[in-house]
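Chain by chain, the residues run as shown.
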Amino acid sequence: MDNSGKNREHWQSRAGFILAAAGSAIGLGNIWRFPYMTGEHGGAAFILIYLIAVLLLGYPLLVNEMALGRKAQSDPVGIFKRLAPQSPWWLTGALAVFTGFFILSYYAVVAGWSFAYIYKVVLAAASPGMDHALAFREHISSVVEPIVWQGLFVVLTVAIIAAGVVNGIQRWSTILMPVLFVLLLVLIVRSITLPGAGEGLVYYLKPDFGKVTGRTVLAALSQAFFSLSIGMGAILTYGSYLRKKDEITGSAAWVAGLDTGIALLAGLALFPAIFALGFEPGAGPGLAFITLPAVFAKMPLGGFFGVLFFFLLGIAALTSAISLLEVVTAWLIDEKGWSRRRAAVCMGIAVFIVGIPASLGYSLLKGFSFPGLGMDMLDTYDWISNSIFLPLGGILTAVFTGYVWGGTRAAREVGRGRKASSIVKIWVWLIRYVVPVLIIVIMAVGIYDTFVR
Ligand code: PHE
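Residues numbered from 1 in each chain as written. Predicted model: local features only at pLDDT ≥ 70, side-chain atom pairs only at ≥ 80, totals over all residues. Heavy atoms only, no water.

Student: Tell me what's going on with a positive patch on the surface, and back it up with residues and numbers.
Tutor: Residues K71, K244, R409 and R412 make up a contiguous surface patch of positive charge. Here R412 shows up in helix α16 (residues 377–414). Residue R412 is classed as exposed on the basis of its relative accessible area, which comes to 59%. (Patch = residues over 30% accessible without salt bridge, like charges linked within 9 Å, V, L, I, M, F, W, Y side chains within 5 Å. Areas by Shrake-Rupley, 256 points an atom, 1.4 Å probe, with all protein chains shown as cover. Salt bridge = Lys/Arg side-chain N within 4 Å of Asp/Glu carboxyl O. Lys, Arg positive; Asp, Glu negative; His and termini not counted. Charge placed at Lys NZ, Arg CZ, Asp CG, Glu CD. Helix = DSSP H or I, 4+ residues; strand = E, 2+ residues; numbered from the N terminus. Buried < 20%, exposed > 50% of the residue type's maximum accessible area, 1.4 Å probe, protein only.)

Student: Lay out the site of the ligand in plain terms, naming residues and giving numbers.
Tutor: The ligand sits among 14 residues. The nearest are A25, G29, Y107, F226 and S229. Interatomic distance of 3.2 Å between a backbone N/O atom of S24 and a nitrogen atom of the ligand. At a separation of 2.6 Å, an oxygen atom of the ligand approaches a polar side-chain atom of Y107. Surface burial for the ligand is 100%, taken as the share of its 330 Å² of free accessible area covered by protein chains. For the ligand, the cavity whose grid points lie within 2 Å of the majority of its atoms is the largest cavity. (Near = heavy atom within 4 Å. Polar contact = N/O pair within 3.5 Å; in protein donor to acceptor, adjacent residues only side chain to side chain. 1 Å grid on protein atoms, 1.4 Å probe; cavity = no way out; pocket = protein on both sides within 12 Å on 5 of 7 lines; lining within 4 Å. Sits in = over half its atoms within 2 Å of the grid points.)

Student: How would you summarise the nonpolar core if you had to cite specific residues and measurements?
Tutor: Formed by 155 residues in total, the largest nonpolar core has its most connected members in W32, L62, W113, F309, F310, L378 and I439. The element that contributes the greatest number of residues to this core is helix α5 (residues 90–126), accounting for 17 residues. (Core = buried A, V, L, I, M, F, W, Y, C linked by side-chain atoms within 4.5 Å.)

Student: Could you give an account of empty space enclosed by the protein, naming the residues involved and the relevant values?
Tutor: Scanning all chains against the criterion turns up 3 cavities of 30 Å³ or more. The wall of the largest cavity is formed by 17 residues, among which S24, Y107, F226, S229 and L324 lie closest to the centre. Put simply, the parts of the chain that give the lining of the largest cavity at least two residues each are α1 (14–25), α5, α10 (214–228) and α14 (302–336). The residue inventory of the lining of the largest cavity, partitioned by class, reads 10 nonpolar, 7 polar and no charged. (Points joined across faces, edges and corners; volume = space filled by probe spheres on them. Nonpolar A, V, L, I, M, F, W, Y, C, P; charged D, E, K, R; others polar.)

Student: Lay out the packing of aromatic side chains in plain terms, naming residues and giving numbers.
Tutor: Inspection of every chain in the model, using the stated rule, returns 31 aromatic pairs. Between F136 and F289, the aromatic rings sit 5.6 Å apart at their centres with planes inclined by 15°, giving stacked as the arrangement. Highlighted residues: F136 in helix α6 (residues 132–140) and F289 in helix α13 (residues 287–297), separated in sequence by 153 residues. Pair check on accessibility: F136 and F289 agree, each one buried. Each residue in the set W113, Y117, F136, F289, F296, F309, F310 and Y362 is aromatic and connected to the rest through ring pairs, giving one cluster. Of note, R33 hangs over the ring of F226, and the distance from its end group to the ring centre comes to 5.2 Å. Taking NZ or CZ as reference, R342 lies 3.9 Å from the ring centre of W338, over its face. (Phe/Tyr/Trp six-rings, centres within 6.5 Å; stacked < 30°, edge-to-face > 60°. Lys NZ or Arg CZ within 6 Å of the ring centre and 35° of its normal.)

Student: Report on a nonpolar patch on the surface, specifying residues and quantitative values.
Tutor: A contiguous nonpolar surface patch, about 450 Å² in accessible area, is contributed by V143, V144, V148, L152 and L364. Overall, V144 belongs to the exposed group, its relative accessible area being 57%.

It is worth stressing that arrangement in space is one thing and function is another; only the former is reported here.
Below you can see the structure in the form of structure tokens.
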């Protein structure tokens, strides 16, 4: 996509935009992160809080970012420069660009696991009695192999962004994502028909609020932001490729709905199996990689389905990674005048290097953690970006829209081409009062719980 001024490229249709934004939203966050966060934070109660976070905070911020992008037609830094010239608000855009870079660095590590599992799952499916937890630990604790896959994933992402073939990828994911959806349904059927699956269903569907703490709520918030790709400029950037006549509230609802639906299905595929097969729901980032191969091992043609599944998960990760790299790239093109190619390649190299410690956290850097956090490296990257940077980005963009750009102007922009509906009025109210206050409270309590308690 060419970003320069009047020649800025635009999505050709409403569906094109929805698919690209959904492609960004749907990824490892749904199938890898959502289930293990749910498992670490006690099941159904976490999910309920997550759903409230999507509705009250996620959806309004999704609309906000789309509106800001469409209005300013620029990269995240340029958006704030245009709407509030001569003010320090551009720093919000800068934070967004940095966050995108940081998330991509460790996202590539996990995406690398998925690509490695394309062939590892065949082996797993063919060996009854295999210890899947051990196999996963062995994979991530080797030094070189995960880094090679991480590097290959970055190369793939860079190649797509450098060539600007976002549309090609979009066409492919339109074909491939429905296949992932169908596979997920197959997995659900297999999972809930395993003997002993009932306990998992209860865990997944019956809330136990006794386990909810400030940490839980912050985790649900971080999951909503991460999964919807908000708080870091991806949707700002994609929104800037909208035409003025494109509507927003409906598209945002589609994106939020599809994203949440896929996450819920992934949980439904995993939790019954986790309990039926005797795995630990709180196993952390390895949860999906331990559970799914075990489920495939219990299926006819498990090897085939397994390969297909991890391949499609890799593609889903790729369409998300593209949106992460596109933010940094758009910034270098729009603000610094770099060529698309140079921007993508240089940032790709930097992203790869910065991500290496996240991978080594399970081998050479094992046992190392920052004081007070008590997390391995990958969890540390994840916690800082999703529990700190994304909510911070959310607060800043909401305050900017509500008080600097102004509620009235924002409402006119969101409601463009439509009557000022009550949805838009509620939206302004949420953005001005509910979103910033709620995020600040959740962050404060969550951080207190993490470090002080
Ligand atoms: N939403 C993506 C996922 O769920 C990850 C992502 C986060 C992509 C932030 C872009 C921006 O996998």
